[in-house]
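Working through the structure, step by step
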Amino acid sequence: MKFMLSYLKKYRGLVAACMTLKLGGTLLELLIPYVLEYMIDEVAPTQSLRSVIFWGIIMVFLAILVRIVNVGANRLSVKGARNAACDIRRDLFWHSLNLSGSQVDRFGLPSLTSRMTSDSYNVQNFLQSGQSLGVRAPIMLVGGIAVTMTMDVGLASILCVMAPILLVVVIGVSLKGIPLYDRVQESLDEIVRIMREDITGIRVIKALSKEDYERRRYDRVNETLTRRDRKAGVVMALPGPLMTLALNLGLTLVVVVGAVRVNRGVTRPGVILAFLTYFNLILMGVMSLNRLFMMMSKATASAGRIAAVIRQPEGLEPVPESLAAHTEQDACVVFDRVSFRYGEQTEVHEGMQMSLSNISFSIKKGGSLGIIGATGCGKTTIVNLLMRFYDATDGHIFVDGQDIRTYEKDCLRRKFGVVFQNDVIFAESLAQNIDFGRGVSEEEIRTAAANARAQDFIEAYEDSYQHSAAIHGANLSGGQRQRVLVARALAAHPEILILDDASSALDYRTDAALRKTIREEYQDTTTIVVAQRISSIMSLDDIIMLDEGEILGHGSHEELLASCPQYREIYRTQMGEGA
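Residues numbered from 1 in each chain as written. Predicted model: local features only at pLDDT ≥ 70, side-chain atom pairs only at ≥ 80, totals over all residues. Heavy atoms only, no water.

**Section: the packing of aromatic side chains**
Using the criterion set out here, one finds 8 aromatic pairs in the structure. For the pair F457 and Y461, a centre-to-centre distance of 6.3 Å together with 85 degrees between the ring planes defines the contact as edge-to-face. Taking the relative accessible area as the measure of exposure, F457 reaches 11% and is therefore buried. Judged by relative accessible area, which is 21%, Y461 ranks as partly exposed. An aromatic cluster is built from Y38, F54 and W55, whose rings are joined through pairwise contacts. For the cation-ring pair, R106 lies above F107, with the distance from its terminal atom to the ring centre recorded as 5.6 Å. (Phe/Tyr/Trp six-rings, centres within 6.5 Å; stacked < 30°, edge-to-face > 60°. Buried < 20%, exposed > 50% of the residue type's maximum accessible area, 1.4 Å probe, protein only. Lys NZ or Arg CZ within 6 Å of the ring centre and 35° of its normal.)

Written out as structure tokens, the structure reads:
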């Protein structure tokens, strides 16, 4: 609750105006039955038609005024909640972008997606309703009882006994509902995960005729969500029937006791009619409180999930120079006995399974390094550590002679142009995909596209560089996507170029031409190529042969052929026995 209210503070003027209008509208609404009682018991006996019409006009005027005030209050509540929710989503989005690799792994992409969508909607819905129902419902409840006390203390005592009991039931059930809605949101994360996987891999599903299998997998998770949502809904719905039963019993008591009191001359008929109206208003107030607490239970669970991301400490903050490591090597990139494992554990223990173990190499300015090895051997992990998506478990990494932990992350990453293994094409024009918001000139975009061997197919489109790519580049071939991604990496003239399996979809001739262009046009750029094909790295200055996170061989292509059996076996397999 504190988290949500902190975002409303910025709009305290709107909230105050909304609550003031709602208070005024509710008080005016409570006045209408009082005027009705006065007309019946005081005005009607005078048999003055003019007086009856006059007080009738007052009632109509009050009803119209109540509507105008409530509509104005509702508009203000919508505006305040919308602005606060917009701020929450903005902060959530920004903090999600700035999570470290380990933090993203811990939360999970499906969970971050559902926090941005359904959780933020639950919070917005509560902030909107809380400003109106949070004022109207208590005033209806307390104000209705207070007004009836001035009319008939005996009848009002019935309400005084029942109201606290109903409030205790509502609050008790609501507190139980919060953890239930936590589990509902966890199930929703699973739904989002499966939908994301199935939509991304829809072609594979269709190609293998696995629609029924995926439907069953989805149904299992969907049934879990339905079961948890049903349980939470049943628990939160319990107060409704109980309150209705209690209030109807109270209404019956008011009618019976009121009839007896009218018959004895203790009270008047107008009071009974006003009591029945107030009873309905009080019933509406209690039901509104129940609805409010139900929304609050959902919103509290959702706000906790959102706050867990927003309040996450900044991942991988720069360390002071006094704590930085130093190197004597005069190289652009240095890995000094680097070890790493994925997960929360940061200390190395004996027998612990490492993703990388004791990795050391250096690349001179303008030099090139190839990394090759079996799937899962740690090639991409080296890239992740170099760009500081994660911190090494042990050892140190240097860029331009400086410990990468001392860099501001934006300053460090601006040095790189990178194509990741599973990189993304956005639903924008090809020019915007290459520029990617960096303010690259049109000439530089065309040059980068030409160097990436993407110019020919881009200019073959009628709208050329303004041709729109579909989401994930679905309207481009695999080779076209990779060439656009390479053009994006080259466009800003990076100091360090990383190509992580960036030519796997290219034919050998295009791949060779691309490598030749990079060598000739980007001689001052330090290049790291992660590849499965030896032909993509054999011309580089140095090559690392990785296996299960360890370096088996390090040297030039010729040196590895002579000294590394595993590298030699891959070469013969790919290039032929006669190579």
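**Brief notes about a positive patch on the surface**
On the surface, K176, R183, R227, R230 and K231 cluster together into a patch of positive charge. The dominant element in the positive patch, judged by the number of residues it contributes, is helix α8 (residues 211–237), at 3 residues. Accessibility expressed as a relative area gives 48% for R227, which makes it partly exposed. (Patch = residues over 30% accessible without salt bridge, like charges linked within 9 Å, V, L, I, M, F, W, Y side chains within 5 Å. Areas by Shrake-Rupley, 256 points an atom, 1.4 Å probe, with all protein chains shown as cover. Salt bridge = Lys/Arg side-chain N within 4 Å of Asp/Glu carboxyl O. Lys, Arg positive; Asp, Glu negative; His and termini not counted. Charge placed at Lys NZ, Arg CZ, Asp CG, Glu CD. Helix = DSSP H or I, 4+ residues; strand = E, 2+ residues; numbered from the N terminus.)

**A closer look at the packing of helix α14 (residues 442–451) against helix α16 (residues 478–491)**
In the contact formed by α14 and α16, the axes pass within 8 Å of each other and the chain directions differ by 130 degrees. With respect to α16, the element α14 is oriented oblique. In terms of crossing hand, the pair formed by α14 and α16 is right-handed. Together, E444, A448, A449 and N451 of α14 and A487, L490 and A491 of α16 make up the contact between the two elements. (Axes fitted to C-alpha atoms, helices over the stretch in contact; angles between N-to-C directions. Parallel < 35°, antiparallel > 145°, perpendicular 65-115°, else oblique. Left-handed = near helix turned anticlockwise from the far one by under 90°. Contact = heavy atoms within 4.5 Å.)

**With respect to a nonpolar patch on the surface**
Taken together, L49, V52, I53 and I57 make up a surface patch of nonpolar side chains, about 370 Å² in accessible area. Judged by relative accessible area, which is 46%, I53 ranks as partly exposed.

**Considerations on the environment of L36**
Note on placement: L36 falls in helix α2 (residues 12–43). Among the residues examined, L36 registers a relative accessible area of 23% and is labelled partly exposed. C-alpha separation for the pair L36 and G270, spaced 234 residues apart in sequence, amounts to 7.4 Å. Look past the residues within four positions of L36 in its chain and what remains in contact with it is M59, L273 and T277.

**A few points about unusual backbone geometry**
Look at D400: it is not a glycine, yet its phi comes out positive at around 55 degrees. Examined against the element boundaries, D400 turns out to sit in the loop between β4 (394–399) and β5 (402–403). If you check the backbone angles, D501 has positive phi at about 55 degrees while not being a glycine. Following the sequence through the fold, D501 ends up in the loop between β7 (496–500) and α17 (508–521).

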